[in-house]
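Results of the structural survey
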Amino acid sequence: MRLIEKQQLMSAAEIDRTLQRLAHQIVEKSDGTRHLALIGIRRRGVPLAQRIARAMRGIDGVEVPVGTLDITLYRDDLSKVAPQAVLQSSHIAFPVDSLDLVLVDDVLYTGRTIRAAMNGLFDLGRPKRVSLCVLIDRGHREMPIEAQYVGRTIQTSTTEIIEVRLQEIDNEERVVLVDRVDS
Amino acid sequence: MRRTASLCKISSGRSAVPLLAVSANLNYRFRDLLALEPLTADEITFILDQAKPFQQIQRNPLKKLATLRGKTVVLAFFENSTRTRLSFGTAASRLGADTMNLQAEASSLKKGETLLDTANNLNAMKPDCFVMRHSSSGAADFVARHLEIPVVNAGDGTHEHPSQGLLDALTIRDRKGGLNGLNVTILGDIAHSRVARSNIHLLGKFGCRFTLCGPAMWVPRELEHIGPPGTPIRCVYRVEEALDHADVIIVLRVQTERLYEPSLSQNDYILLYQLNSERMRLAKPDALILHPGPINRGIEITPDVADGPRSAVLEQVTNGVSVRMAILYLLMTGASEGTHPAFESKSEASPKESAHASD
């Protein structure tokens, strides 16, 4: 089996415009940024959350706190994954109680990562509200989970993979659709 | 032979070359944790790094995870222990696992059952991990050769106490910013100490230099050769000499039953070797003091030093839970050999990880 790149879904400029729009939508829906905090899910949710926070500073002039969450310990497939999942640290330096939290991730797929992330958040306290912001929603949910803020919805087949490549991690900036083909 | 990986030179039965196949973890080759001696510096660094997320968990309002839900950890303490047993028990329960406790006084060992029979009987109750302490060196390795499940050595005779060595290293790394090239002084009954051996095996891999100090009967010259090849170890018999230039001072618990007339009385030990504030003036101002506990206040260390700002004894205890959570996590998760990573096509967390293997 090998992977082939089928299509570019978003360019760097499109990613940037989409994040700007998502930042505006979150600020509008949250009635300002006073009780707002963003939680980036490791790994690619983290730079996305930081960029959205930066965009919010441009809108409201307010510094929105950004935390990072590693969901490994909350996964439901730990006894099935080989090689073993390596743990990363979470950094949430503010009390989550009474905050409006926005979880940020790159791709929403089965919903299992978000289920795990919510378990992790509730070990830290009792947030007032939790919503979800994703760059791409590719469908195929296995959990009753939906995102309130979606950059783009894309129809996919289950053999396809959506790769969000970000400057901070991948040294390039675009979203591509990749497919697995038997060779 | 049922098992292929060995961690322990004491045994001759298991292969000395560990095989990747026994572990689902590419960063840690072994199925068990029996000793620190065979681990590489990279493997130790990996385990210490994996303890970091668990250090955060200790600060959470809710400390209980479901990561090992439905799994059972045997805590078989054939030799008495309070701290280590509670620490492993806390680690297991914070990961969501259940524990089965065996304590020496209450066990059928008193009725003459052999170690292997006891281990096999506990194993027949289908636990997922076997944590054990025993007064005989090599006991954990022996049990590991007969069980299919991971075995964790929680102290075997005068051989090793790997989780203590790891928690000491984590404490030192947090306080000193690293492990490389430190001057480490170990004070007390080195000859009988598995803690000292695990410390030397671990820190020796990071280029630390050791000064071992205590009464001659407890610090035989042979100890100069127990570390990784080339490790500078010197034995000294004056505490003043041992404290000079020390970055880290590990004070061992003195077994008071080993102090007797005429070889060495308790008062003589206090006079010659006790770590007190006056002697601490000889050490570096930022020297770090560790003690594996339980402390004999007023014998090997004075209360003002044990409780002073340079002491990290309570951090050691907190780190003990984090390190043991990391150990249980490493040994008890991950699919066994031959399982295809089916998650690749299922969850959204994994494809990006596999797609960017360089991360």
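Residues numbered from 1 in each chain as written. Chains lettered and ligands numbered in written order. Predicted model: local features only at pLDDT ≥ 70, side-chain atom pairs only at ≥ 80, totals over all residues.

**Observations regarding the overall build of chain B**
Note the threshold: Numbered from the N terminus, helices here are DSSP runs of H or I no shorter than four residues, and strands are runs of E no shorter than two. The exposure scheme places C-beta atoms from the backbone and then counts, for each residue, the other C-beta atoms within 10 Å of its own, assigning buried at 20 or more, exposed at 12 or fewer, and partly exposed in between.
Of the regular secondary structure elements, chain B holds twelve helices and nine strands. Counting all 359 residues of chain B, 46% fall into the buried class.

**Brief notes about the overall build of chain A**
So the rule is basically this: With the radius of gyration taken over C-alpha atoms, the globule rule is written as 2.2 Å times the number of residues to the power 0.38. Residues are defined as contacting one another if the C-beta atoms placed from their backbone atoms lie within 7 Å.
Assigned secondary structure in chain A consists of four helices and eight strands. Along chain A, helices and strands appear, N-terminal first, in the series β-α-β-α-β-β-α-β-β-β-α-β. Against the compact-globule benchmark of 16 Å for 183 residues, chain A has a radius of gyration of 16 Å, which places it among compact chains. Seen through its principal axes, chain A has C-alpha atoms that stretch 55 × 40 × 30 Å. Partitioning the intrachain contacts of chain A with sequence separation of at least 6 by distance along the chain shows that 70% fall at a separation of at least 24.

**Concerning the sheet that holds strand 9 (residues 288–290) of chain B**
All names here are of chain B. Applied cut-off: A pair of strands is considered paired only if DSSP assigns at least 2 bridges between the two. Axis lines are fitted through C-alpha atoms, for helices just across the contact stretch, and the angle between N-to-C directions can take any value from 0 to 180 degrees.
Taken in spatial order, the five strands make up an open sheet running 7-6-5-8-9, and their pairing is parallel. Two strands close off the open sheet at either side, each with one partner strand: strand 7 (233–236) and strand 9. Averaged over all pairs of adjacent strands, the angle between strand axes in this sheet comes to 20°, irrespective of strand direction. In the sheet, strand 8 (residues 248–251) pairs with strand 9 via three bridges, with the strands oriented parallel. Across the sheet, valine 248 pairs through a bridge with leucine 288, a residue of strand 9. Against the sheet, helix 5 (residues 162–176) makes contact with strand 8 and strand 9, and its axis sits at roughly 165° relative to strand 9, the strand it touches most.

**Considerations on the pairing of strand 5 (residues 129–137) of chain A**
Residues and elements named next belong to chain A. Rules: Look down the strands so they point away from you; if going from the first strand over the helix to the second traces a clockwise path, that crossover is right-handed.
Alignment of strand 4 (residues 100–108) against strand 5, held across eight bridges, turns out to be parallel. By the bridge assignment for strand 5, valine 102 is matched with serine 131. On the question of chirality, the crossover connecting strand 4 to the parallel strand 5 by way of helix 3 (residues 112–122) is right-handed.

**With respect to the sheet that holds strand 6 (residues 149–153) of chain A**
Residue and element names in this part refer to chain A. An order of 3-2-4-5-6 is seen for the five strands of this open sheet, with the pairing classed as parallel. This sheet does not close on itself; its edge strands, each paired only once, are strand 3 (66–69) and strand 6. Strand after strand, the sheet turns through a mean of 25° between neighbouring axes, direction not considered. Pairing of strand 2 (residues 36–41) with strand 3 involves four bridges; the strand directions are parallel. Within strand 3, the position partnered with leucine 38 by the bridge is valine 66. Helix-sheet contacts for helix 1 (residues 12–29) involve strand 4, strand 5 and strand 6, and the interaxial angle to strand 6 is about 150°. Set on the sheet, helix 3 makes contact with strand 2, strand 3, strand 4 and strand 5; between it and strand 4 the angle comes to about 155°.

**Regarding helix 6 (residues 194–204) of chain B**
Counting buried positions along helix 6 of chain B yields eleven of eleven residues, so the element is predominantly enclosed. By the burial criterion, the buried members of helix 6 of chain B are Arg194, Val195, Ala196, Arg197, Ser198, Asn199, Ile200, His201, Leu202, Leu203 and Gly204 of chain B.

**A look at helix 11 (residues 313–332) of chain B**
All names here are of chain B. To be explicit about the condition: Expected span, for any helix, means 1.5 Å times one less than how many residues it has. Here the bend at a residue is taken as the angle between two axes, fitted respectively to the seven residues that end there and the seven that start there.
Between its first and last C-alpha atoms helix 11 spans 28 Å; for 20 residues at 1.5 Å apiece the expected length is 28 Å, and the two agree. Within helix 11, the axis deviates most sharply at asparagine 319, by approximately 25°. The buried fraction of helix 11 is high, at 15 of 20 residues.

**Considerations on the packing of helix 1 (residues 41–57) of chain B against helix 5 of chain B**
All names here are of chain B. Basically, it comes down to this: Angular relationships are summarised with four words: roughly parallel below 35 degrees, roughly antiparallel beyond 145, roughly perpendicular across 65 to 115, and oblique for the angles in between. Note on residue categories: nonpolar means Ala, Val, Leu, Ile, Met, Phe, Trp, Tyr, Cys or Pro, charged means Asp, Glu, Lys or Arg, and polar means any other residue, Gly included.
Contact geometry for helix 1 and helix 5: axes closest at 10 Å, N-to-C directions at 75°. The orientation of helix 1 relative to helix 5 falls into the category roughly perpendicular. Across from Ile44, Ile47, Leu48 and Ala51 in helix 1, the residues of helix 5 making contact are Leu166, Ala169, Leu170 and Arg173. A per-class count over the contact of helix 1 with helix 5 returns seven nonpolar, no polar and one charged.

**As for the domain arrangement of chain B**
Residues and elements named next belong to chain B. Our working definition: All the domain ranges listed were derived from an automatic or database domain assignment.
Taken domain by domain, chain B comprises domain 1 (20–160 + 318–334) and domain 2 (162–313). Measuring from the centre of the C-alpha atoms in domain 1 to the corresponding centre in domain 2 gives 26 Å. Tallying the contact residues gives 23 residues for domain 1 and 20 residues for domain 2. Put simply, the parts of the chain that give the side of domain 1 that touches domain 2 at least two residues each are helix 1, strand 4 (151–156) and helix 11. Grouping the amino acids of the side of domain 1 that touches domain 2 by side-chain chemistry returns eleven nonpolar, seven polar and five charged.

**Structural notes on the nonpolar core**
Rule in force here: As used throughout, a nonpolar core is a set of buried Ala, Val, Leu, Ile, Met, Phe, Trp, Tyr and Cys residues joined through C-beta atoms within 7 Å of each other.
Ile39 and Ile52 of chain A together with Val131 and Leu328 of chain B are the most contacted members of the largest nonpolar core, which has 148 residues in total. Considering each element in turn, this core owes the most residues, ten residues, to helix 11 of chain B. Counting only domains with at least three residues in this core, you end up with domain 1 (20–160 + 318–334) and domain 2 (162–313) of chain B. Setting aside chain neighbours within four positions, we find isoleucine 52 of chain A in contact with Leu19, Leu22, Ala23, Leu38 and Val104 of chain A.

**What to know about the pairing of strand 3 (residues 129–134) of chain B**
Residues and elements named next belong to chain B. A large share of strand 3 lies buried, amounting to six of its six residues. Neither face of strand 3 is open: one carries Cys129, Val131 and Arg133, the other Phe130, Met132 and His134, and all of them are buried. Two strands pair when backbone bridges link them, and strand 1 (residues 72–77) and strand 3 are joined in this way by five bridges, in the parallel orientation. When the sheet's bridge partners are listed, phenylalanine 77 is paired in strand 3 with arginine 133. Relative to strand 4, strand 3 runs parallel, the two being bridged by four bridges. Note on strand 4: the bridge partner recorded for methionine 132 is asparagine 153. With respect to chirality, the unit in which strand 3 leads through helix 4 (residues 139–146) into the neighbouring parallel strand 4 is right-handed.

**Observations regarding unusual backbone geometry**
In this chain, arginine 42 of chain A is followed by arginine 43 of chain A through a cis amide linkage whose omega measures 0°. Proline 294 of chain B follows glycine 293 of chain B through a cis peptide bond whose omega is -10°. For histidine 245 of chain B, which is not glycine, the phi torsion reads 70° and is therefore positive. Here histidine 245 of chain B is to be found in the loop between helix 7 (239–243) and strand 8.

**Overview of the packing of helix 2 (residues 83–94) of chain B against helix 11 of chain B**
All names here are of chain B. We count it as follows: By the definition used in this description, the sense in which the near helix is turned from the far one sets the handedness, with an anticlockwise turn below a right angle giving left-handed and a clockwise turn giving right-handed.
At a minimum axis separation of 8 Å, helix 2 and helix 11 run at an interaxial angle of 55°. Classed by the angle they form, the pair helix 2 and helix 11 counts as oblique. Crossing handedness for the pair helix 2 and helix 11: right-handed. Counted together, Arg83, Ser87, Phe88, Thr90, Ala91, Ala92 and Arg94 of helix 2 and Val317, Gly320, Val321, Arg324, Met325 and Leu328 of helix 11 form the full contact between these two elements. Residue composition of the contact of helix 2 with helix 11, grouped by class: seven nonpolar, three polar and three charged.

**Quick word on the environment of phenylalanine 206 of chain B**
Of note, phenylalanine 206 of chain B is situated in the loop between helix 6 and strand 6 (209–213). When neighbours within four sequence positions are excluded, phenylalanine 206 of chain B is seen to be in contact with Ala41, Leu179 and Asn180 of chain B.

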